[in-house]
Amino acid sequence: MDKVKLGGTEVEVSALCYGTDLIGSRVGETQSYRLLDVFADNGGTFIDTGNFYASWYPGCVGGESESTIGRWMAARGNRARMAISTKLGFDYPGCEGGLSASEIESECNKSLQRLQTDYIDVYYAHRDDFDTPLEETMEAFHRLTTAGKVRVLGASNLWIWRVAEANMVAALRGLTPYSVVEQRYTYFRPRHGADFGPQICISEDMKQFCDHHGMSLIAYSILLQGAYSRDDRPVPAQFAGPEADERMQALQSVASETKSTVNQVIIAWMRQSDPPVLPIIGGSKQEQVQENLAALEVELSGDQMEHLTRAGDPDVKKAWLR
């Protein structure tokens, strides 16, 4: 699998990331190991988790995903070739949440212990904390990087103006900046006023900002839990409408042309966009993971990329009507 470097750092990861929010919880340990093996055996090295995964699932308290990944890496002896990202910011049993210095230090140590490692490749602020000064947050993160506990800092679910402010604080104080931004993103475009709670979507402004500053963009929830390909999974209300219908038609057309699935086209479209977006793939079954991995073989032409990107645009419809 191709490798890419994150932001302006020397940290290299696989071209696809594997998301593990339900690994070790809804997905049992034996199946979790199989899925992680499929990803790693196909050249995948980048695994995304979080400290509170999956505290929302019945019977779980948080830390299940990290602990399962830690045991898997120990069993396989592959920590050195894997790149692990994890996060803090949300509350869960035993954790108040937020980005205070004490919380950052405490949660980092917990994650290290659960992952059975002495460093985290990418450590994300998982949600903003307006009650803690940015100076305190960035200084605490910087102490982790200088101590060798964290290699790269990332921001997830932060507005881009807050990322800019945080990196300005870092620049003025000689601290480690955010080099990666991870947000919600998919092929369908959110409807005006769509509400995703604490989750923030990648916007055109965010793409331009990250491209200008050499920051990597990473996307989660890219396939909308099967809404593109499963009849029993309706398009979420935040996206549903005539524009989504037109974009679905474009997806199906390009999938037919390339002899691939609509999910594979979405992954290829993200990777080949300008700027590129690194997709986090999921899958609770081996065939789902393998389908997503096969998207790396899909090459879209310039015309196909334009067709996909512009589908549903008002100016495109006007031109067609003329």
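Please read these numbers as outputs of a predicted model, since none were measured by experiment.

### Remarks on the overall build of the protein
Reasoning step 1: Summing up its helical and strand segments, the protein has 11 helices and 10 strands in all.
Reasoning step 2: What you see for the protein is a C-alpha radius of gyration of 19 Å, in line with the 20 Å of a compact globule of 322 residues.
Reasoning step 3: Along the first, second and third principal axes, the C-alpha set of the protein runs to 60 × 45 × 35 Å.
Reasoning step 4: Taking all 322 residues of the protein together, 55% fall into the buried category.
Reasoning step 5: Excluding contacts between residues fewer than 6 apart, the proportion of contacts in the protein whose partners are at least 24 apart in sequence is 75%.

### Notes on the pattern of salt bridges
Reasoning step 1: Evaluated as defined, the whole model comprises 17 salt bridges.
Reasoning step 2: For the salt bridge of Lys5 with Glu10, the shortest nitrogen-to-oxygen distance reads 2.8 Å.
Reasoning step 3: Judged by relative accessible area, Lys5 falls into the partly exposed class, the value being 43%.
Reasoning step 4: Here Lys87 makes a salt bridge to Asp48, at a shortest N to O gap of 2.7 Å. Residue Lys87 is located in strand E5 (residues 83-88), and its partner Asp48 is located in strand E4 (residues 46-48); the two are separated by 39 residues in the primary sequence.
Reasoning step 5: A relative accessible area of 0% places Lys87 in the buried class.
Reasoning step 6: Each of Asp48, Lys87 and Glu182 takes part in salt bridges that share partners, so that together they form one network.

### Let's talk about the confidence of the model for the protein
Reasoning step 1: In this model, the protein carries a mean pLDDT of 96, and residues with pLDDT of at least 70 account for 98%.
Reasoning step 2: Across residues 318-322 the pLDDT falls below 50, and counting only partners more than four positions away or on other chains, this stretch makes zero contacts in the model.

### Let's talk about the environment of Arg191
Reasoning step 1: Take Arg191: it is sitting in the loop between strand E8 (178-184) and helix H6 (204-212).
Reasoning step 2: Setting aside chain neighbours within four positions, we find Arg191 in contact with Ala237, Gln238, Phe239 and Ala240.
Reasoning step 3: A distance of 3.1 Å separates the side chain of Arg191 from the backbone oxygen of Ala240, its partner in a polar contact.

### A word on helix H9 (residues 286-293)
Reasoning step 1: Every buried residue of H9 is accounted for by Val289, Asn292 and Leu293. Take H9 and look down its axis: the buried residues cluster within an arc of 100 degrees, on one side only.
Reasoning step 2: Buried positions along H9 lie against strand E3 (17-19), helix H1 (29-41), helix H8 (262-271) and strand E10 (278-281).

### Remarks on the sheet that holds E3
Reasoning step 1: What the eight strands build is a closed barrel, ordered E3-E4-E5-E6-E7-E8-E9-E10; its pairing is parallel. Each neighbouring strand pair of the sheet contributes to a mean axis angle of 30 degrees, computed without reference to strand direction.
Reasoning step 2: Note: E3 against E10, two bridges, orientation parallel. Its bridge partner being in E10, Cys17 is matched across the sheet by Ile280.

### Observations concerning the nonpolar core
Reasoning step 1: Judged by nonpolar contacts, the single largest core of 85 residues is most densely connected at Phe141, Val163, Tyr178, Tyr187, Tyr228, Leu251 and Leu308.
Reasoning step 2: Per element, the largest residue contribution to this core is seven residues, and it comes from H8.
Reasoning step 3: When residues no more than four places from it in sequence are discounted, the contact partners of Leu308 are Tyr187, Arg247, Ala250, Leu251, Val254, Val265, Trp269 and Leu300.
Reasoning step 4: With 14 residues, the next largest nonpolar core counts Leu6, Cys17, Phe46 and Tyr220 among its residues.

### Overview of the pairing of E8
Reasoning step 1: In terms of burial, E8 is largely enclosed, as seven of its seven residues are buried.
Reasoning step 2: Running through helix H5 (residues 160-173), the crossover from strand E7 (residues 150-156) to the neighbouring parallel element E8 is right-handed.
Reasoning step 3: Bridge analysis of E8 against strand E9 (residues 216-220) gives five bridges, and the strand direction is parallel. Bridge assignment links Gln183 to a residue of E9, and that residue is Ala219.

### With respect to the environment of Asn157
Reasoning step 1: Tracing the chain through its elements places Asn157 in the loop between E7 and H5.
Reasoning step 2: The class of Asn157 is buried, set by a relative accessible area of 5%.
Reasoning step 3: Asn157 sits 26 residues away from Gln183 along the chain, and the two C-alpha atoms are 5.7 Å apart.
Reasoning step 4: Within the structure, the side chain of Asn157 is placed 3.2 Å from the backbone nitrogen of Ile200, a separation counted as a polar contact.

### What to know about the packing of aromatic side chains
Reasoning step 1: Under the criterion given, the structure shown has 13 aromatic pairs.
Reasoning step 2: Between Tyr53 and Trp56, the ring centres sit 5.8 Å apart and the planes meet at 80 degrees, which makes this aromatic pair edge-to-face.
Reasoning step 3: Taking the relative accessible area as the measure of exposure, Tyr53 reaches 10% and is therefore buried.
Reasoning step 4: Taken together, the ring pairs connect Tyr185, Tyr187, Phe188, Tyr228 and Trp269 into an aromatic cluster.
Reasoning step 5: Over the face of the ring belonging to Tyr119 we find Arg79, whose NZ or CZ atom lies 4.0 Å from the ring centre.
Reasoning step 6: The lysine or arginine in question, Arg247, covers the ring of Tyr187, its NZ or CZ lying 4.0 Å from the ring centre.

Conventions adopted
- Residue numbers here run from 1 along each chain, matching the order of that chain's written sequence.
- Per-residue local features of the predicted model are confined to residues with pLDDT of at least 70, and side-chain atom pairs are confined, for both listing and counting, to 80 or more; whole-chain, interface and lining totals are unaffected and use all residues.
- By convention in this description, side-chain values take in all heavy atoms of the structure and omit both hydrogens and water.
- In DSSP terms, a helix is any run of H or I states spanning at least four residues, a strand is any run of E spanning at least two, and both are numbered starting from the N terminus.
- Computation of the radius of gyration draws on C-alpha atoms, with the globule rule given as 2.2 Å multiplied by the number of residues to the power 0.38.
- Remark: exposure states derive from per-residue accessible area (1.4 Å probe, protein chains only) relative to the maximum for the residue type, with buried under 20%, exposed over 50%, and partly exposed in between.
- Any two residues having at least one pair of non-hydrogen atoms within 4.5 Å are treated as being in contact.
- Any Lys or Arg side-chain nitrogen found within 4 Å of a carboxyl oxygen on Asp or Glu counts as a salt bridge.
- The predictor rates its confidence in each residue with pLDDT, a number between 0 and 100.
- Pairs of N or O atoms are called polar contacts if they sit within 3.5 Å, as long as, within protein, a hydrogen donor faces a hydrogen acceptor (for residues adjacent in sequence, only side-chain-to-side-chain pairs).
- Within this analysis, the arc is defined by the directions that extend from the helix axis to the C-beta atoms.
- When DSSP finds two or more bridges between a pair of strands, those strands are recorded as paired.
- In this description, a line fitted to the C-alpha atoms serves as the axis of each element, helices being fitted only across the stretch in contact, and the angle between N-to-C directions of two axes falls anywhere from 0 to 180 degrees.
- The definition of a nonpolar core used throughout is a set of buried Ala, Val, Leu, Ile, Met, Phe, Trp, Tyr and Cys residues joined through side-chain atoms within 4.5 Å.
- The path from the first strand over the helix to the second decides the hand: if it runs clockwise while the strands point away from the viewer, the crossover is right-handed.
- Pairs were defined over the aromatic rings of Phe, Tyr and Trp, the Trp ring being its six-membered one, requiring ring centres within 6.5 Å. Orientation was assigned from the angle between planes: stacked under 30 degrees, edge-to-face over 60, tilted for the rest.
- Throughout this description, the term charge over a ring refers to an Arg CZ or Lys NZ atom that lies within 6 Å of the ring centre and within 35 degrees of the ring normal.

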